[in-house]
Amino acid sequence: MSNKPKDNNFIDITPNDVKGLMVIESACHSHPWSEKTFTSCIGGRYFGEMLGTNQQQLVQADTAVGFYIGEYVAGEATLMDICVLPNEQGKGFGKVLFNQFLAQAKKLGATKVFLEVRAKNIAAQMLYMNAGFIEIDRRTGYYPSSSGFGYEDAIVMSLTC
Ligand SMILES: CC(C)(COP(=O)(O)OP(=O)(O)OC[C@H]1O[C@@H](n2cnc3c(N)ncnc32)[C@H](O)[C@@H]1OP(=O)(O)O)[C@@H](O)C(=O)NCCC(=O)NCCS
């Protein structure tokens, strides 16, 4: 069976999924969210889904390959986080997750979508640019550097839907 991701193996994220998804979060970021921060980004103005492969229907977080978390307020959506397990990256899952985030944001009524990305994170920037996002601002020294020394700029990008 092909490993090519399908578009429909998504499940809404609930607080019960946080422990399982922390494995992906911690593997993907030099400065990952804490469990508490992750949990605070579920429900209310936040929306998020996790994705499974097409090998098996996704039923719980510990078999997810990735997830996204978005925020929607008054016609504007923001991508809070998007992650794919490192050994599953480069297989198309990120694009499927990002397109799902955009589709959900539009469904909620977003006409503007924003995100922030590390200046050195070229893979993520390519994903966003290919979806039509443009750089609108740069926050100097916004992130602690992923190498552990100094700081790194944040690039702010947006898309008008
Ligand atoms: C960003 C991320 C979600 C992309 O997921 P992915 O599954 O590897 O992405 P895909 O395989 O779907 O590739 C989607 C697009 O991303 C870009 N991309 C992915 N890997 C890339 C790389 N190594 N170099 C350049 N561009 C890359 C390409 O534009 C690609 O589209 P294409 O294949 O049509 O050229 C993943 O790298 C990740 O989880 N990174 C760690 C967490 C992170 O940085 N999140 C973003 C926070 S802003």
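Up top you'll find the structure we're talking about.
Predicted model, so just to flag it, every value in this text is computed and none were measured.

**Description of unusual backbone geometry**
- A positive phi angle is found at A74, which is not glycine, with a value near 45°.
- Classification of A74 by relative accessible area gives exposed; the value is 71%.

**Thoughts on the pairing of strand β2 (residues 46-51)**
- Of all the 6 residues making up β2, 6 are buried; the element is thus mostly covered by neighbouring parts of the structure.
- Sheet topology note: the strand β1 (residues 10-12)/β2 ladder contains 3 bridges and is antiparallel. Looking at the pairing, I11 lines up with M50 of β2.
- Two elements, β2 and strand β3 (residues 66-73), share 6 bridges in a ladder whose sense is antiparallel. Within β3, the position partnered with L51 by the bridge is G66.

**Description of the site of the ligand**
- Around the ligand, 21 residues are found, and the nearest of them are V84, G90, G94, K95 and N121.
- Between the ligand and the protein, one listed contact pairs an oxygen atom with a backbone N or O atom of V84 at 2.8 Å.
- At 2.7 Å from an oxygen atom of the ligand is found a side-chain nitrogen or oxygen belonging to N121.
- Within the complex, 71% of the 920 Å² of free accessible area of the ligand lies under protein.
- Among the elements that take part in the shell around the ligand, helix α4 (residues 122-130) stands out by supplying 6 residues, more than any other.
- Classifying every residue of the shell around the ligand gives 11 nonpolar, 7 polar and 3 charged.

**Overview of α4**
- For α4, the set of buried residues is A124, Q125, L127 and Y128. All buried residues of α4 project into a common sector of 160° when viewed along the axis, lining one side. Residues of α4 that are exposed and point over 90 degrees away from its buried face: A123 and N130.
- Tucked inside the fold, the buried residues of α4 contact β4 (76-84), α3 (93-108), β5 (112-118) and β7 (151-160).
- Of the residues trailing α4, G132 is marked for its positive phi of about 100°.

Conventions and cut-offs
- Residues numbered from 1 in each chain as written.
- Predicted model: local features only at pLDDT ≥ 70, side-chain atom pairs only at ≥ 80, totals over all residues.
- Heavy atoms only, no water.
- Buried < 20%, exposed > 50% of the residue type's maximum accessible area, 1.4 Å probe, protein only.
- Helix = DSSP H or I, 4+ residues; strand = E, 2+ residues; numbered from the N terminus.
- Pairing = 2+ DSSP bridges.
- Near = heavy atom within 4 Å.
- Polar contact = N/O pair within 3.5 Å; in protein donor to acceptor, adjacent residues only side chain to side chain.
- Areas by Shrake-Rupley, 256 points an atom, 1.4 Å probe, with all protein chains shown as cover.
- Nonpolar A, V, L, I, M, F, W, Y, C, P; charged D, E, K, R; others polar.
- Arc of directions from axis to C-beta.
- Contact = heavy atoms within 4.5 Å.

These results come straight from atomic positions and should not be treated as a statement about function.
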